[in-house]
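Results of the structural survey
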Amino acid sequence: QVQLVESGGGLVQAGDSRSLSCVASGRSFNKNTMGWFRQAPGKEREFVAAISGSDSSPHYADSVRGRFTIFRDNDKNTVHLQMNSLNVEDTAVYYCAARLWSTISTIPTGYENWGQGTQVTVSS
């Protein structure tokens, strides 16, 4: 059974940093693209970042580029999201997702497996 479990969410102040982790189990995801999405109240789920399963190249939404870093540890079947210079607009539930393919996708329907999400709240 495939399972993705996120951790690291919490309450932070604007300007702070936070690191999220996602541990995958059930099978290896080393050759699969992994992504992070987020959903704020009343808004649609949006792409944040993804890391390619073919060459581990990162891709970012414009809103987080330069502030967030996605990286993976294939030995631990884990993907991380390092978030710096957080602002109130980053407040959302953050979801980890796994894609069956090694290519990048920036839309939720491009991912087949999802975690339950972890809340990140940024206060001003």
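Owing to the predicted nature of the structure, the values given are computational and were not obtained by experimental measurement.

What counts as what
- Residues numbered from 1 in each chain as written.
- Predicted model: local features only at pLDDT ≥ 70, side-chain atom pairs only at ≥ 80, totals over all residues.
- Heavy atoms only, no water.
- Phe/Tyr/Trp six-rings, centres within 6.5 Å; stacked < 30°, edge-to-face > 60°.
- Helix = DSSP H or I, 4+ residues; strand = E, 2+ residues; numbered from the N terminus.
- Buried < 20%, exposed > 50% of the residue type's maximum accessible area, 1.4 Å probe, protein only.
- Lys NZ or Arg CZ within 6 Å of the ring centre and 35° of its normal.

**What about the packing of aromatic side chains?**
For the structure shown, the criterion picks out five aromatic pairs. Between Phe 37 and Tyr 111, the aromatic rings sit 5.2 Å apart at their centres with planes inclined by 75°, giving edge-to-face as the arrangement. One end of the pair, Phe 37, is in strand β4 (residues 34–39); the other, Tyr 111, is in the loop between β9 (92–98) and β10 (113–114), with 74 residues separating them in the sequence. We classify Tyr 111 as buried; its relative accessible area is 4%. When the ring of Tyr 111 is compared with that of Trp 114, the centres are 6.3 Å apart and the planes differ by 65°; the resulting orientation is edge-to-face. Trp 114 sits in the partly exposed class, given a relative accessible area of 25%. Taken together, the aromatic side chains of Phe 37, Phe 47, Tyr 95, Tyr 111 and Trp 114 make up a single cluster linked through ring pairs. Sitting over the face of the ring of Phe 29, Arg 27 holds its NZ or CZ atom 4.1 Å from the ring centroid. The ring of Trp 114 carries Arg 45 above its face, with NZ or CZ at 4.8 Å from the centroid.

Shape descriptors only; they carry no functional weight alone.
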